[in-house]
Amino acid sequence: MAKLTFDNSDNVFFQSLKRSVDSYFRSKNLKKTGNWKLYLKTWIFIPVALGLYIYLLSGHYNAEAGILAAVFLGLILVCIAFNVMHDACHGSYSGKAWINNVMGLTMNGLGSNAFIWKIKHNIIHHTFTNIDGLDDDIANGPLLRQCTTQKWMPLHRFQFLYMFVLYSVSTLSWMLRTDFKWYFTRKINNTRFKKLDPGQHVLFWVSKLLYAFFYIALPIYFLGWQPWLTGFLILHFTMGLTLTIVFQLAHMVEKTTFAVAGEEPKVIDSEWAIHEVKTTANFATGNRIISWLVGGLNFQIEHHLFPHISHVHYFALSKIVRKQCELFGLPYNCYPFAWQALYSHIRLMKRLGNK
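Just so we're clear, the structure is a prediction, and the values are computed from it rather than from any experiment.

Participant: What is the right way to look at helix H14 (residues 314–327) in this model?
Facilitator: Within an α-helix, residues lying three or four positions from one another point in the same direction, as the helix has 3.6 residues per turn. Its 14 residues place the ends of H14 19 Å apart at the C-alpha level, agreeing with the 20 Å of an ideal helix rising 1.5 Å per residue. Along H14, the positions that sit buried rather than exposed are Tyr314, Leu317, Ser318, Ile320, Val321, Gln324 and Cys325. Structurally, H14 contributes buried residues whose contacts are with helix H1 (12–28), helix H11 (272–278) and helix H13 (300–305). In the segment just after H14, Gly329 is the residue with positive phi, at about 70°.

Participant: Even after reading the chapter, I still don't get the layout of surface pockets, so can you show me in this structure?
Facilitator: Here the idea is plain: a probe the size of a water molecule rolls over the atoms and shows the empty space left. By volume, the largest pocket is sized at about 1,100 Å³. Taken together, 43 residues line the largest pocket, and the ones lying closest to its centre are Lys120, Asp136, Ala139, Asn140 and Ser170. Contributing elements (two or more residues each) for the lining of the largest pocket: helix H3 (63–89), helix H6 (114–127), helix H7 (159–168), helix H8 (170–185) and helix H10 (225–251). With 10 residues, H8 is the largest single contributor of residues to the lining of the largest pocket. In terms of residue class, the lining of the largest pocket is made up of 22 nonpolar, 14 polar and seven charged. Estimates place the volume of the second largest pocket at around 540 Å³.

Participant: Got a minute to help me understand the packing of aromatic side chains in this structure?
Facilitator: Two measures describe an aromatic ring pair: the distance that separates the ring centres and the angle between the ring planes. What the rule picks out here adds up to 23 aromatic pairs. Where Tyr183 meets Phe184, the ring centres are 5.1 Å apart and the plane angle is 85°; that geometry is what we call edge-to-face. Residue classification places Tyr183 among the buried positions, given a relative accessible area of 11%. Here Tyr211 and Tyr215 contribute two aromatic rings whose centre-to-centre distance is 4.4 Å and whose plane-to-plane angle is 25°, an arrangement assigned as stacked. Of this pair, Tyr211 and Tyr215 are both found in helix H9 (residues 198–223), four residues apart, which corresponds to roughly one turn of the helix. In terms of burial, Tyr211 and Tyr215 fall into one category: buried. Following the ring pairs from residue to residue traces out a cluster consisting of Phe180, Tyr183, Phe184, Phe204 and Trp205. Cation over ring: Arg347 sits above Tyr343, and NZ or CZ is 4.4 Å from the ring centre.

Participant: Can you help me understand the side chain of Asn113 in this one?
Facilitator: Note that Asn113 resides in the loop between helix H5 (106–109) and H6. In terms of polar contacts, Asn113 uses its side chain to reach the backbone amide nitrogen of Ile116, at 2.9 Å. Those residues in contact with Asn113 that sit more than four places away from it in its chain are Met107, Asn108, Asp179 and Phe204.

Participant: Looking at this model, I keep getting lost on a positive patch on the surface. Mind explaining?
Facilitator: Positive charge collects at one region of the surface, where Lys28, Lys37, Arg288 and Lys319 lie side by side. Looking at the secondary structure, you find Lys28 in helix H1.

Participant: Where do I start with the environment of Ile44 in this structure?
Facilitator: Note that Ile44 resides in helix H2 (residues 36–58). Relative accessible area serves as the criterion here: at 32%, Ile44 is assigned to the partly exposed category. In sequence terms Ile44 and Leu297 are 253 residues apart; their C-alpha atoms lie 19 Å from each other.

Participant: What is the right way to look at the pattern of salt bridges in this model?
Facilitator: A side chain of one charge can pair with a side chain of the opposite charge when the charged atoms of the two come close. Scanning the model with the defined rule gives seven salt bridges in all. Asp22 is the salt-bridge partner of Lys32, the closest N and O atoms lying 2.6 Å from each other. In this pair, Lys32 sits in the loop between H1 and H2 while Asp22 sits in helix H1, placing the two residues 10 residues apart along the sequence. Under the relative-accessibility criterion, Lys32 is labelled partly exposed at 33%.

Participant: Any chance you could explain a nonpolar patch on the surface here in plain terms?
Facilitator: A cluster of nonpolar side chains, contributed by Trp36, Leu40, Ile44, Val48, Phe72, Leu75, Ile289, Trp292 and Leu293, occupies part of the molecular surface with about 830 Å² of accessible area. Counting residues per element, the nonpolar patch draws most heavily on H2, which supplies four residues.

Participant: I'm lost on the packing of H10 against helix H15 (residues 338–352) in this one. Help?
Facilitator: Any two packed helices are characterised by the angle at which their axes cross and by the distance between the axes. One can describe the packing of H10 onto H15 by two numbers: an axis separation of 9 Å at closest approach and a directional angle of 80°. Judged by the inter-axis angle, H10 sits roughly perpendicular to H15. Contact residues: Ile245, Gln248 and Leu249 in H10; Ala338, Ala341, Leu342 and His345 in H15. In the contact of H10 with H15, the residues fall into five nonpolar, two polar and no charged.

Participant: Before we go on, may I ask you to explain the environment of Asp87 in this structure?
Facilitator: Within the element layout of this structure, Asp87 appears in helix H3. By relative accessible area, Asp87 is classed as buried at 2%. As a C-alpha pair, Asp87 and Phe204 span 117 residues in sequence and 21 Å in three-dimensional space. In this view, Asp87 contacts Leu38, Ser92, Tyr93, Ser310 and His311; residues no more than four positions away in its chain are not counted.

Participant: I would appreciate a short explanation of the packing of H9 against H10 in the present structure.
Facilitator: Running from N to C, H9 and H10 cross one another at 140°; their axes reach a closest spacing of 7 Å. Our classification of the angle between H9 and H10 gives oblique. Contact residues: Tyr211, Tyr215, Ile216, Pro219, Ile220 and Leu223 in H9; Trp225, Pro227, Trp228, Phe232, Leu235 and His236 in H10. Among the residues forming the contact of H9 with H10, the class breakdown is 11 nonpolar, one polar and no charged.

Rules and cut-offs
Residues numbered from 1 in each chain as written. Predicted model: local features only at pLDDT ≥ 70, side-chain atom pairs only at ≥ 80, totals over all residues. Heavy atoms only, no water. Helix = DSSP H or I, 4+ residues; strand = E, 2+ residues; numbered from the N terminus. Expected span 1.5 Å × (residues − 1). Buried < 20%, exposed > 50% of the residue type's maximum accessible area, 1.4 Å probe, protein only. Contact = heavy atoms within 4.5 Å. 1 Å grid on protein atoms, 1.4 Å probe; cavity = no way out; pocket = protein on both sides within 12 Å on 5 of 7 lines; lining within 4 Å. Points joined across faces, edges and corners; volume = space filled by probe spheres on them. Nonpolar A, V, L, I, M, F, W, Y, C, P; charged D, E, K, R; others polar. Phe/Tyr/Trp six-rings, centres within 6.5 Å; stacked < 30°, edge-to-face > 60°. Lys NZ or Arg CZ within 6 Å of the ring centre and 35° of its normal. Polar contact = N/O pair within 3.5 Å; in protein donor to acceptor, adjacent residues only side chain to side chain. Patch = residues over 30% accessible without salt bridge, like charges linked within 9 Å, V, L, I, M, F, W, Y side chains within 5 Å. Areas by Shrake-Rupley, 256 points an atom, 1.4 Å probe, with all protein chains shown as cover. Salt bridge = Lys/Arg side-chain N within 4 Å of Asp/Glu carboxyl O. Lys, Arg positive; Asp, Glu negative; His and termini not counted. Charge placed at Lys NZ, Arg CZ, Asp CG, Glu CD. Axes fitted to C-alpha atoms, helices over the stretch in contact; angles between N-to-C directions. Parallel < 35°, antiparallel > 145°, perpendicular 65-115°, else oblique.

Limitation: the analysis is restricted to geometry and does not speak to function.
What follows is the structure, encoded as structure tokens:
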């Protein structure tokens, strides 16, 4: 593993920001975890997903209705990932650890593994954001060049076009291939992680078997393999494209910065919080509908600075964070509209595709 640390010797920016955020919660007498707004989403998204699943299993619909239902189910599952799983795995869904653990298992219900995802996302991505050689989110294989330190190939000239196809199959590859790769190698990108305890081994295999039963075997039994395959692919194409685009708009845009770990021990000459501000971007923060659907992940700066605070508070916190960034002369990367962030992502990938 490449060795890299941050210069947290003074930590002035984050300490000042933390004092302001703590003061906000005290003055409002609020808990930093989720509230009824988050729990209401849970009671909407999960029952709707179950209803759509049962409807698709019934087979009582025409082809067009089946396609729409598969797309809608994919979107609802993504909403569960954004709103329920994400907060729970960060420990911000509830003040009770066991509730966070249970709700975090929605990741297993989606086909992946909460334990390994926490290592990939909470530890690696949130610590080494946009650092080539460490952040697995910018290590998506040779077909995508996501920073200038990665090897260039002539094919990359067209990556700004074909990347959407790769995004579409990302969850399919993740759940059927990448999870197993991480499990057997105990390595995510260049970072090794500790051995799983017996309970985690059991949970990994039970979850995968249940996924195969509910997402593959049962639909084939009721519908036949051709309708199942069509719906299964549509489901994953929807999930993969939506999930990937939302996360790409948060880090892979022109306003964010990148770094490289390298082989030798290296110190980033800024505190961790400043690095997070520079490598992260918000988008469509004035759009309440987008914020509601993506679980506040359009407030990515606030999320990276305070991952243990539930997303239901990000809108209020954004005013504090923006003010502190201005006070310390730091950029507050934000695209007012989602289409602007998407266009910036496309331009960046096109530029990185040039030699």
